[in-house]
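Secondary and tertiary structure notes
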2 protein chains.
Amino acid sequence: MTDRRTSIGNSRNPETHAAILDAAHELLAEHGYAGVSMEAVARRAGAGKPTLYRWWPSKTALLIELYEREKTRALAEIPDLGSAQKELVALIKGVHRFWRKTPAGQAFRSIIAEAQADDAALRSLRDEFLPRGRATATVILDRAQARGEIAPDADRELLLDVLFGFSWYRLLTHRLRDDTGAVERLVAALLAAAKAGGSLAGD
Amino acid sequence: MTDRRTSIGNSRNPETHAAILDAAHELLAEHGYAGVSMEAVARRAGAGKPTLYRWWPSKTALLIELYEREKTRALAEIPDLGSAQKELVALIKGVHRFWRKTPAGQAFRSIIAEAQADDAALRSLRDEFLPRGRATATVILDRAQARGEIAPDADRELLLDVLFGFSWYRLLTHRLRDDTGAVERLVAALLAAAKAGGSLAGD
């Protein structure tokens, strides 16, 4: 509701808004990224193309909002599981599963691709979208610091860059899978390094 | 020279081949990815468009070969520096610098983006291009195992996925920079975990 675009959309016509996102979701599932055009979405949703463009300046903007809606539905917040190891593994594996099992993975690959050719798309991805995605991880790291599992001066930004970087790399090379405990081992390596005296703690 | 496409090109006319890559390099530096089209490259190189398409099926294939030529020029092999820490940091920082200071960074961003929409491009990226890029790192890890710096059963694939994943993430979000020792700290964390008994060693 803090997203200005969304609230304008909602204040105008929440049903049309939802119908458009539903239409984009269906087209993505049926035909992949190439099958989603503003025109096809408008037709399927029974809405006008100008309406779409008034609410979303581009296909990427529409897909980002769809991605966030689906993510909120698919991924609950990670509750306190008593250890940062368990919570971070649950978070990262949940994201990988979400990418693998729903059209969201293909949508996110397309969003990243668009951002390589378009500076505005890069800025929305980096400065609005990613920070929201990292918010859940931040809650986990707060709890980890409160429990003393990682140092007060642990380099949290670097730790998250590494976890998300690994995830992006597997997604973008189409190698997401439930493999032999890779996520568990990586999280353990990073948490060990983030303890006081470790290479991800202190300066 | 093991690349069949390259050797066909060379056997036909090495000067034209080099002129085409030079033309692509200039256009990329002057106008960015959008300024590189097969037609513009052909015109600048004084070659025929059919020649380009005979040697490279797509703009992505041309850019991948250009990227590899420039990389070979810019990045020497990493010599034995006496420690895996020093060698991996030299490798990763060298790659980051290469991406930051030459058009190669933009070219590589474009190659990754193309691979998200085109399965053939994804396969060349993942199955041909990335393994060549990892070869230098493999030499370093061989030396590290010979010195006993990492365990014989260290999970080398995961270690490299993490290092390259971090690098891709910074590249794709346009946050490559010589920052506060992040590469040094990450390499130290991974090497510590790859020692016997660490979370990146053993099963």
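Residues numbered from 1 in each chain as written. Chains lettered and ligands numbered in written order. Predicted model: local features only at pLDDT ≥ 70, side-chain atom pairs only at ≥ 80, totals over all residues. Heavy atoms only, no water.

Next up on the list: unusual backbone geometry. Even without glycine at this site, His 174 of chain A takes up a positive phi of about 55°. Mapping His 174 of chain A onto the fold places it in the loop between α9 (156–172) and α10 (182–194). (Helix = DSSP H or I, 4+ residues; strand = E, 2+ residues; numbered from the N terminus.)

Time to look at the packing of helix α6 (residues 84–101) of chain B against helix α9 (residues 156–172) of chain B. Residues and elements named next belong to chain B. Taken N-terminus to C-terminus, the directions of α6 and α9 make an angle of 25°; their axes are 11 Å apart at the nearest point. Considering their axes alone, α6 and α9 lie roughly parallel with respect to each other. Considering how the two elements wind past one another, α6 and α9 form a crossing that is right-handed. Residues Leu 88, Ile 92, His 96 and Trp 99 of α6 pack against Leu 163, Phe 166, Ser 167, Trp 168 and Leu 171 of α9. Tallied by class, residues from the contact of α6 with α9 come to seven nonpolar, two polar and no charged. (Axes fitted to C-alpha atoms, helices over the stretch in contact; angles between N-to-C directions. Parallel < 35°, antiparallel > 145°, perpendicular 65-115°, else oblique. Left-handed = near helix turned anticlockwise from the far one by under 90°. Contact = heavy atoms within 4.5 Å. Nonpolar A, V, L, I, M, F, W, Y, C, P; charged D, E, K, R; others polar.)

All chains considered together, the criterion is met by 16 aromatic pairs over all chains. Chaining the aromatic ring pairs together yields one cluster made of Tyr 67, Phe 98, Trp 99, Phe 108, Phe 129 and Trp 168 of chain A together with Tyr 169 of chain B. (Phe/Tyr/Trp six-rings, centres within 6.5 Å; stacked < 30°, edge-to-face > 60°.)

Let us now look at the environment of Leu 125 of chain A. Residue and element names in this part refer to chain A. Among the structural elements, Leu 125 can be located in helix α8 (residues 119–146). According to the relative accessible area criterion, Leu 125 is buried, its value standing at 0%. When the C-alpha positions of Leu 125 and Thr 60 are compared, they lie 9.8 Å apart, and in sequence the two are 65 residues distant. Once you skip the residues sitting within four places of it in the chain, Leu 125 turns out to touch Phe 108, Ile 111, Ile 112, Ala 115, Leu 130, Pro 131 and Trp 168. (Buried < 20%, exposed > 50% of the residue type's maximum accessible area, 1.4 Å probe, protein only.)

Moving on, we come to the relation of the copies chain B and chain A. Overlaying chain B on chain A yields an RMSD of 0.0 Å, the required transformation being a rotation through 180° with an accompanying axial translation of 0.0 Å. Seen this way, the second copy is the image of the first under a two-fold rotation axis. (Least-squares fit on C-alpha atoms with pLDDT ≥ 70 in both.)

Each partner contributes to the interface: chain B provides 37 residues, whereas chain A provides 37 residues. On the chain B side of the interface with chain A, the three residues burying the most area are Gln 116, Tyr 169 and Arg 185 of chain B, jointly 24% of the side's total. Connecting chain B to chain A are ten salt bridges. Where Arg 177 of chain B meets Glu 157 of chain A, a salt bridge forms, and the shortest distance between an N and an O atom there is 4.0 Å. Scanning the region where chain B abuts chain A turns up 24 residue pairs in polar contact (both at pLDDT 80 or more). Secondary-structure elements contributing two or more residues to the side of chain B that touches chain A are α7 (104–115), α8 (119–147), α9 and α10 (182–194) of chain B. With eleven residues, α9 of chain B is the largest single contributor of residues to the side of chain B that touches chain A. Residue classes in the side of chain B that touches chain A are distributed as 19 nonpolar, seven polar and eleven charged. (Buried area = accessible area lost by both parts, 1.4 Å probe. Salt bridge = Lys/Arg side-chain N within 4 Å of Asp/Glu carboxyl O. Polar contact = N/O pair within 3.5 Å; in protein donor to acceptor, adjacent residues only side chain to side chain.)

Mapped onto the elements of the fold, Arg 134 of chain A is located in helix α8. The exposure class assigned to Arg 134 of chain A is buried, which follows from its relative accessible area of 14%. Expressed as a C-alpha distance, the spacing of Arg 134 of chain A and Asp 119 of chain A, which sit 15 residues apart in the sequence, is 21 Å. Beyond its immediate sequence surroundings of up to four residues, Arg 134 of chain A is in contact with Glu 157, Leu 160, Asp 161 and Phe 164 of chain A together with Tyr 169 of chain B.

The subject of this paragraph is the pattern of salt bridges. According to the stated counting rule, one finds 38 salt bridges over all chains in the structure shown. Arg 170 of chain B is paired through a salt bridge with Asp 161 of chain A; the nearest N and O atoms lie 2.8 Å apart. With Arg 170 of chain B in helix α9 and Asp 161 of chain A in helix α9, this pair bridges two chains. Where Glu 39 of chain B meets Lys 49 of chain B, a salt bridge forms, and the shortest distance between an N and an O atom there is 3.4 Å. With Glu 39 of chain B in helix α3 (residues 38–45) and Lys 49 of chain B in helix α4 (residues 49–55), the pair connects residues that are ten residues apart, well separated along the chain. Residue classification places Glu 39 of chain B among the partly exposed residues on the basis of a relative accessible area of 43%. Taken together, the salt bridges that share partners define one network made up of Arg 134, Glu 157 and Asp 161 of chain A together with Arg 170, Arg 175 and Arg 177 of chain B.

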